[in-house]
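Residues per chain, in single letters:
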Amino acid sequence: MRTQVAIIGAGPAGLLLSHLLSLQGIDSVVLEARDRAYIEKRVRAGVLEHGTMELLRETGVGARMDAEGLPHDGIYLRLDGESHHVDFAELTGRSIKVYGQQEVVKDLVARRLADGGDVRFECSEVALHEVTSDRPRISFVHNGQSETLEADWIAGCDGFHGISRSHVPGEDLQRLYPFAWLGILAHAAPSSEELIYAKHAHGFALHSMRSPTVTRNYLQVHTDEDLAEWPDERIWSELSTRLAGDDGFHLTTGEIFDKSVTPMRSFVHEPMRSGRLLLAGDAAHIVPPTGAKGMNLAIADVRVLSHALGQWAATGATEGLDAYTETALARVWRVTHFSWWMTSMLHRFDGYDPASTRFDERVQLSQLRYTVSSRAAMTTLAENYVGMPFDTGWCYS
Ligand code: RFL
Ligand code: PHB
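What you are looking at is a predicted structure, and each value in this text was computed from that prediction instead of being measured.

Q: I'd love a proper account of the side chain of Glu 103, names of residues and values included.
A: Of note, Glu 103 is situated in helix α6 (residues 101-114). Glu 103 gets classed as buried once you look at its relative accessible area, which sits at 17%. Within the structure, the side chain of Glu 103 is placed 2.8 Å from the side chain of Arg 64, a separation counted as a polar contact.

Q: I'd love a proper account of the domain arrangement of the protein, names of residues and values included.
A: Along its sequence, the protein is carved into domain 1 (2-46 + 100-170 + 271-346) and domain 2 (176-264 + 348-380). Computed over C-alpha atoms only, the centres of domain 1 and domain 2 are separated by 31 Å. Taken together, the 16 residues of domain 1 in the interface contact 19 residues of domain 2. Around 1,500 Å² of area is buried between domain 1 and domain 2 when both sides are counted, 68% of it from carbon and sulfur atoms. Contact with domain 2 buries area across many residues of domain 1, yet Val 43, Met 345 and Leu 346 alone supply 40% of it, more than any other trio. In this structure, the connection of domain 1 to domain 2 is made through six residue pairs in polar contact (both at pLDDT 80 or more). Among the residues making up the side of domain 1 that touches domain 2, the classes are represented as 10 nonpolar, five polar and one charged.

Q: So, empty space enclosed by the protein: which residues are in play, and what are the values?
A: If a probe as big as a water molecule is rolled over the atoms, it shows which places are left empty. Scanning all chains against the criterion turns up two cavities of 30 Å³ or more. Along its surface, the largest cavity is lined by Glu 49, Lys 293, Arg 331, Arg 334, Val 335, Phe 338, Asn 384, Gly 387 and Met 388. Of the residues forming the lining of the largest cavity, the biggest block, four residues, is contributed by helix α10 (residues 324-346). A class-by-class count of the residues in the lining of the largest cavity yields three nonpolar, two polar and four charged.

Q: How would you explain the site of ligand 2 if you had to name every residue and give the values?
A: Taken together, 14 residues are adjacent to ligand 2, and Tyr 197, Ser 208, Arg 210, Tyr 218 and Pro 289 come closest. Contacts to ligand 2 include Arg 210, whose side-chain N or O atom sits 2.8 Å from an oxygen atom. One of the side-chain nitrogen or oxygen atoms of Tyr 218 is found 2.7 Å away from an oxygen atom of ligand 2. Compared with its free state, where it exposes 280 Å², ligand 2 has 97% of that area covered by protein. Contributions of two or more residues to the shell around ligand 2 are made by β13 (195-199), β14 (205-211) and β15 (214-221). At three residues, the largest contribution of residues to the shell around ligand 2 is made by β14. Viewed by domain, the shell around ligand 2 spans two of them, domain 1 (2-46 + 100-170 + 271-346) and domain 2 (176-264 + 348-380), each represented by three or more residues.

About the thresholds
- Residues numbered from 1 in each chain as written.
- Chains lettered and ligands numbered in written order.
- Predicted model: local features only at pLDDT ≥ 70, side-chain atom pairs only at ≥ 80, totals over all residues.
- Heavy atoms only, no water.
- Helix = DSSP H or I, 4+ residues; strand = E, 2+ residues; numbered from the N terminus.
- Buried < 20%, exposed > 50% of the residue type's maximum accessible area, 1.4 Å probe, protein only.
- Polar contact = N/O pair within 3.5 Å; in protein donor to acceptor, adjacent residues only side chain to side chain.
- Domains from an automatic or database assignment.
- Contact = heavy atoms within 4.5 Å.
- Buried area = accessible area lost by both parts, 1.4 Å probe.
- Nonpolar A, V, L, I, M, F, W, Y, C, P; charged D, E, K, R; others polar.
- 1 Å grid on protein atoms, 1.4 Å probe; cavity = no way out; pocket = protein on both sides within 12 Å on 5 of 7 lines; lining within 4 Å.
- Points joined across faces, edges and corners; volume = space filled by probe spheres on them.
- Near = heavy atom within 4 Å.
- Areas by Shrake-Rupley, 256 points an atom, 1.4 Å probe, with all protein chains shown as cover.

And the structure:
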């Protein structure tokens, strides 16, 4: 079996790459380890940047997002109960949308299959061969049969725990954080029009949503937190305490139908290419979720990659592919800094040295007070949150 671009992983990165390639007449095959129902139910990101929305719309996969996604013009930052609105629309002229990652995945799978795309679920024993030669291959097992897929290029879109990154020699740069997020989904109406990012003496909390009847909330917890110690009443009580505000905020509760603990990490692998293997999305980098950036960054990578592959398919030129690592990493590091900054500003850090911990708390508080009181600082937050534009050298347009 042969294709132009073999794609490993049917997450947002792999599926969107396959779609963007097909719009340029480039053939691809997507190999996914899980089944379709699993990837369409996996609960993860919820916030789409301005540029992500535009890209989905421009390429014909934004209709349901526009009909069902929740438009947001800003966020609230809460500082021990004191509320501050960051008005994205006024500060940047741009906004965001709350639309679950699994909905984006559903829309992309439906479109690939409607267009006759080749997406193979439940592939096992996926292995890469000779990625630095002109004839890279992937071997895998599908429906009990051993198969080989030859390609001109391989896109490793297989997430943080995938196999592709190990075939790209280079450097892992990372920062671990001494806390995790306990996330819940509940049948309860959102208690605020906008997302609330709260810094509280007990730790960080985030109030988000998925629809007019479903809320998504997060609590900062220890990295080794045992979910069994978090019965529903304790979660609601802790959320109410940390999210409480001076604006009469009242947290609506309801049945919790999903609970998980996610460790926090910043990670970048450099470079993002070896020979004919190109990494995109979480396969190459991850950010802590405080800036709502991971899926948006995965999408930004494949936007660059699809243009580079389009140039190669049309003319045989590899300038775009040769520049892929450098072009993609410029945005990766901007987003990595922003996510680290939001995380550092809003979480409780318990250090070993009490004097240093108190020092860090004062600096953190000063940073947060400056951010909510200076228009310049608030604009910095806003323009990064809605996403840096693609037309100013971040990406080919
Ligand atoms: P994915 O989504 O992990 O997809 C990778 C796919 O590859 C498959 N796979 C393999 N397939 C074949 N062979 C193998 N050997 C394979 N190994 C793995 C996997 O089954 C999977 O289907 O990576 P991708 O496409 O790069 O997308 C990245 C995003 O999923 C991720 O960055 C976001 O979810 C991060 N994130 C957020 N991002 C945002 O932009 N906004 C947010 O609001 C946001 N909130 C979050 C988040 C992530 C969270 N968690 C759970 C990590 C909130 C949370 C709690
Ligand atoms: C979410 O709704 O899941 C969400 C929102 C904002 C974040 C992270 C996650 O920063």
